[in-house]
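# Coordinate inspection notes
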Amino acid sequence: MGTWLDETLTWGNALIFFLWGVILLAIVLGFVTYAIYFERKVIGWMQLRIGPNRVGPLGLLQTVADILKLLIKEDTIPRKADRMLFILAPALAYVPAFAVLAVIPYTQDLYFADINVGLLYYVALSGISTIAIVIGGWSSNNKYALLGGMRSAAQMISYEVPLVISVVGVVMMTGSLNLRIIGEQQGNWFWEWNFLPQIIGFVVFIIAAVSELNRTPFDLPEAESELVAGYHVEYSGFRFAFFMLTEYVYVYAIAALTTVLFLGGWHAPAPFLDFVPGIIWFLLKFSCIVFFLFWLRATMPRIRVDQLMGFGWKVLLPLAILNVFITALYLELFIKG
Amino acid sequence: MIRTEELLLNVGPQHPSTHGVFRIIVKLDGEVITEAIPVMGYLHRGTEKLAEDLNFTQIIPYTDRMDYVSAMTNNYVLCHAVETMMGLEIPERAEFMRLIVMELQRVASHLVWWGTYLLDIGAMSPFLYAFRDREMIIDFFNELCGARLTYNYMRVGGVKWDAPEGWLDKVRDFVPYMEKKLDEYNNLVSGNEIFLARIKGIGQYDAQTAIDYGLSGANLRCTGVDWDLRRAEPYSLYNRFEFDVPLGKTGDCYDRYLIRLEETRQSLRILKQALEQIPSSGEVMGKVPRVIRPPAGEVYVRIESPRGEIGCHIISKGKAEPYRLKFRRPSFVNLQILPKLLVGETMTNLITILGGIDIVVGEVDA
Amino acid sequence: MKGLLKGLGVTFKSMTAKKVTTSYPDVPFVMPDRFRGIQHFEPDKCIVCNQCARVCPTECITLTGKANPDPEKKGKVIDTYDINFEICILCDLCTEVCPTEAIVMTNNFELASYSRDELFKDREWLDNNNRNVRQDNNNIGAPAAAKGGAK
């Protein structure tokens, strides 16, 4: 992949890039399909149920059936809605979600874009989805949707800040914003990965990430017991599917990002386990994080809006800044000197 | 020019967290409620009016449908009122059976409350855990009287069925199981910091306010008022058993939560004693005239339902049908404090407070 | 933080706990004997005493009798017997008062249909609804031995 990226762009290269993009899209769609399936299964098990088991063997085709249902469903747009924005919102939400995947490296050699400001690119693009959610909530012309959209805007903005600052420690230790280099520089033993030296940053990052994903316990924008469905209450059919897709693509992105930033990416936890290919290790860590998200959803109640904001600004942000200072001190005193 | 306006939001009657078809119109300033107007009556079936054309045996199935989460206590209050009017003797075993099913019902009802309350707060799993255990109680009732929700179990003068073979043993086994499960529930939720932050200090009122609004049940006891009709005016056989009445201090949702969980434990304690003392055999139906005609006059009896004080006021003109039948429905009375509690709270707290009051819309609207 | 972890522990343990799901439509749900399902009606036993129609709280039972075709016997026999399951609340009172156990409960409960008309069940249908008939009917007038067992 890297060799192609360094060559000058020709029609042939462009075609190859395009094909890789299509492959990634297919992989992501496959992930989303089965992430939803496993989410329902895992939560089912935790709730003493057996989860979907009727469509296909072991219910494996359940999500496929659900998507098919959404596809053939009537597409309704409320008469009083702002038509343009209403149609635009789902697409606007999805595009950045997919675009951020470009900078994520899977192994040493398997990556789609080698950008020096990879991390910054990720954070900047993912911020656009917030706008889409606000647009969706506003254009529906529904009070519940509006409340959901507003909550979402407030939440995403206040948690984006600690999210970014919590990663600064990692960036300082690595000296690069390039995700591939960050992944590469983590050591061969698992205690050399960033999550231990950067434990404060790691915890802040995880909390802020869950909040960015709008998942339990931070699922206030959707909060079905208060706001019915939040910002997508008026959406149906394929447009609704796009919002769901966005949510799960972000799960993919955040899980991959956490793996690369803090869990040593494709490195084996111990050098003698090196014979297992890096991609397997990456997928293992990735799955653990996804499972953790499902597990949280099965356990936690929802936090309240004011508590959420207070927690973000008064606890997470100072902690993240503290982490930056501690890292800086450490680097100044022990490494640089 | 920036202009702000209040948002008029219609919560319900089709809303996932209004426990049925209850509706609240709230005026929102941002997310803060400035005014709340509850609208009820979407489930009104006119039970009291219907009852005027029915004889007392026929009214019993209608009481099942009032507080459908706790039908046994509703059955009891009507039968108890008629029996008081007619001065009937109830065989001991029948009275024990009534008490056992009422306490089982209290456990079941509090489990429903616990599960749905956490569902309102956003946790999904407790709901299914609670319903697994409630299901066991429902199965007991199904075996006992042939229905899972609308039992129609009690009759004026006794109960319809004696316990089937082995039923009491099953209930005996259930009690320690449920005690263990309550500990698990506590582990799952009661210490959860997010949950505590959500309900501590929310929907607070003092004892005087609670009394002024006529609240009862956990809604009253959370303020520290020691008023449990099982203790204050013992009916049935409650004076024979030892149990505590859990009391709160602050009068917020958290206290109500703890009280309901503790009441479940106390119900299990009563059950344990009742299952030991129940006579091993005996009639379950007293001597009752073929047509039940209470003498002319009035009676008001009240008992402690899981939701509070449920009362039954009968005016009889000496006929088989009541001249007027009035139920004091605890959900309806407890709900009256809602508009007062909601002002100044956020939209999220609306759900917390409404859930904490524990209403059953069938009973609110009757 | 401790509370959160405890909660996570409970859900994690539940993953391997016994599941409570029943495969209901595939495996029929067996109700206990006392279950109050759709009534079964035996026309031969009915003495047209009208008690069930009178005791019914929702007045969903309508019946008519006719003179006994056998001229040597007195009394009436049942002619039509209809239960409207749109309003029947399965309260068990009709079977409780029936002196001859002509109307009894069964354990069948699947009443769903595509048309409301189908919920109006006539004598024929109720007579044919003879599977899973309840054994113990505990009706007033039945011999005491038939009443529910002790303990």
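Residues numbered from 1 in each chain as written. Chains lettered and ligands numbered in written order. Predicted model: local features only at pLDDT ≥ 70, side-chain atom pairs only at ≥ 80, totals over all residues. Heavy atoms only, no water.

Attention now moves to the overall build of chain C. Assigned secondary structure in chain C consists of four helices and five strands. The C-alpha atoms of chain C give 22 Å as radius of gyration, which overshoots the globular expectation for 151 residues (15 Å, by more than 25%). With respect to the three principal axes, the spread of C-alpha positions in chain C is 85 × 45 × 25 Å. In chain C, 73% of the contacts between residues at least 6 apart in sequence involve partners at least 24 apart. (Helix = DSSP H or I, 4+ residues; strand = E, 2+ residues; numbered from the N terminus. Rg over C-alpha atoms; globule rule 2.2 N^0.38 Å. Contact = heavy atoms within 4.5 Å.)

Looking now at the UniProt feature "binding site: [4Fe-4S] cluster 2" (unreviewed entry) in chain C. Under the UniProt annotation, "binding site: [4Fe-4S] cluster 2" (unreviewed entry) lies at C:Cys56, C:Cys88, C:Cys91 and C:Cys94. These annotated residues cover 39 residues of sequence, but their C-alpha atoms sit close together, with the largest distance between any two at 10.7 Å. In this structure, C:Cys91 sits in the loop between strand E3 (76-84) and helix H3 (93-97). If sequence neighbours within four positions are ignored, C:Cys91 has contacts with B:Pro61, B:Asn152, C:Arg36 and C:Pro57. Tracing the sequence through the fold places C:Cys94 in helix H3. If we ignore the near neighbours within four places in the chain, the residues touching C:Cys94 are C:Gln39, C:Cys52, C:Val55, C:Ile61 and C:Ile103. (UniProt positions renumbered as here; feature names shortened; annotations may be inferred.)

Turning to the sheet that holds strand E2 (residues 61-67) of chain C, a few remarks are in order. Residue and element names in this part refer to chain C. The strand order across the open sheet formed by three strands is E2-E3-E5, and the pairing between neighbours is antiparallel. Strands at the two margins of the open sheet, each flanked by one partner only, are E2 and strand E5 (120-121). Examined bridge by bridge, E2 and E3 share seven bridges and lie antiparallel to one another. Pairing of Thr-62 across the sheet is with Asp-82, part of E3. (Pairing = 2+ DSSP bridges.)

For the rest of this paragraph, the subject is the packing of helix H6 (residues 167-190) of chain B against helix H11 (residues 253-277) of chain B. Residue and element names in this part refer to chain B. Interhelical geometry of H6 versus H11 gives an angle of 160° and a closest axis separation of 10 Å. Put simply, H6 runs roughly antiparallel to H11. The interaxial crossing formed by H6 with H11 has left-handed handedness. Contact residues: Leu-168, Val-171, Arg-172, Val-175, Met-178, Glu-179, Leu-182, Asp-183, Asn-186, Val-189 and Ser-190 in H6; Tyr-257, Leu-261, Thr-264, Arg-265, Leu-268, Leu-271, Lys-272 and Leu-275 in H11. Residue composition of the contact of H6 with H11, by class: 11 nonpolar, three polar and five charged. (Axes fitted to C-alpha atoms, helices over the stretch in contact; angles between N-to-C directions. Parallel < 35°, antiparallel > 145°, perpendicular 65-115°, else oblique. Left-handed = near helix turned anticlockwise from the far one by under 90°. Nonpolar A, V, L, I, M, F, W, Y, C, P; charged D, E, K, R; others polar.)

The next thing to look at is the nonpolar core. In this structure, B:Ile24, B:Leu104, B:Trp114, B:Tyr153, B:Trp167 and B:Ile314 are the most contacted members of the largest nonpolar core, which totals 128 residues. In terms of residue count, helix H4 (residues 92-121) of chain B provides more of this core than any other element does, 16 residues in total. If we skip the residues at most four places from it in the chain, B:Ile314 touches B:Phe56, B:Leu78, B:Ala81, B:Val82, B:Met85, B:Gly297, B:Glu298, B:Val299, B:Pro322, B:Arg324 and B:Leu325. A:Val32, A:Tyr106, A:Tyr248 and A:Ile254 belong to the second-largest nonpolar core, a separate cluster that totals 74 residues. (Core = buried A, V, L, I, M, F, W, Y, C linked by side-chain atoms within 4.5 Å. Buried < 20%, exposed > 50% of the residue type's maximum accessible area, 1.4 Å probe, protein only.)

Once that is clear, we can look at the interface of chain B and chain A. Of the residues lining the interface, 34 residues belong to chain B; the matching set on chain A comes to 26 residues. Where chain B abuts chain A, roughly 2,500 Å² becomes buried across the two surfaces, and 59% of that area is made up of carbon and sulfur atoms. Considering only the surface of chain B that becomes buried against chain A, B:Glu31, B:Met124 and B:Ile194 emerge as the three largest contributors, covering 21% of it. Linking chain B with chain A are zero salt bridges, by the criterion used here. The tally of links between chain B and chain A comes to 11 residue pairs in polar contact (both at pLDDT 80 or more). Of all the secondary-structure elements, those providing two or more residues to the side of chain B that touches chain A are strand E1 (7-11), H4, helix H5 (125-145), helix H7 (193-199) and helix H14 (347-357) of chain B. It is E1(B) that provides the largest number of residues to the side of chain B that touches chain A, a total of five residues. (Buried area = accessible area lost by both parts, 1.4 Å probe. Salt bridge = Lys/Arg side-chain N within 4 Å of Asp/Glu carboxyl O. Polar contact = N/O pair within 3.5 Å; in protein donor to acceptor, adjacent residues only side chain to side chain.)

Moving on to the UniProt feature "binding site: [4Fe-4S] cluster 1" (unreviewed entry) in chain C. All names here are of chain C. According to UniProt, the "binding site: [4Fe-4S] cluster 1" (unreviewed entry) feature falls on Cys-46, Cys-49, Cys-52 and Cys-98. Taking the farthest pair of C-alpha atoms as the criterion, the annotated set spanning 53 residues converges on one region, since that pair is 10.7 Å apart. On the secondary structure map, Cys-46 appears in the loop between strand E1 (39-41) and helix H2 (51-55). Classification of Cys-46 as buried rests on a relative accessible area of 13%. Beyond its immediate chain neighbours, meaning those up to four positions away, Cys-46 contacts Phe-41, Ile-78, Thr-100 and Ala-102. Relative to the helices and strands, Cys-52 is located in helix H2. Residue Cys-52 is classed as buried on the basis of its relative accessible area of 10%. If sequence neighbours within four positions are ignored, Cys-52 has contacts with Ile-61, Leu-63, Tyr-81, Cys-94 and Val-97.

With 39 residues of chain B at the interface, the matching set in chain C holds 35 residues. Between chain B and chain C the total buried area reaches about 2,900 Å² when both faces are included, carbon and sulfur atoms providing 51% of it. Taken together, the links from chain B to chain C amount to three salt bridges. The partner of B:Lys160 in a salt bridge is C:Asp92, and the shortest N-O contact between them spans 3.1 Å. The interface formed by chain B and chain C includes 15 residue pairs in polar contact (both at pLDDT 80 or more). For the side of chain B that touches chain C, the elements supplying multiple residues, two or more each, are helix H2 (56-64), H5, H6 and H7 of chain B. Per-element accounting of the side of chain B that touches chain C gives the leading share, seven residues, to H5(B). Residue composition of the side of chain B that touches chain C, grouped by class: 14 nonpolar, 13 polar and 12 charged.

A few words now on the environment of A:Phe38. Residues and elements named next belong to chain A. Residue position: Phe-38 is located in helix H2 (residues 11-46). Distance in space between the C-alpha atoms of Phe-38 and Met-244 is 15 Å, their sequence separation being 206 residues. Apart from the residues within four sequence positions on either side, Phe-38 is in contact with Ile-43 and Phe-294.

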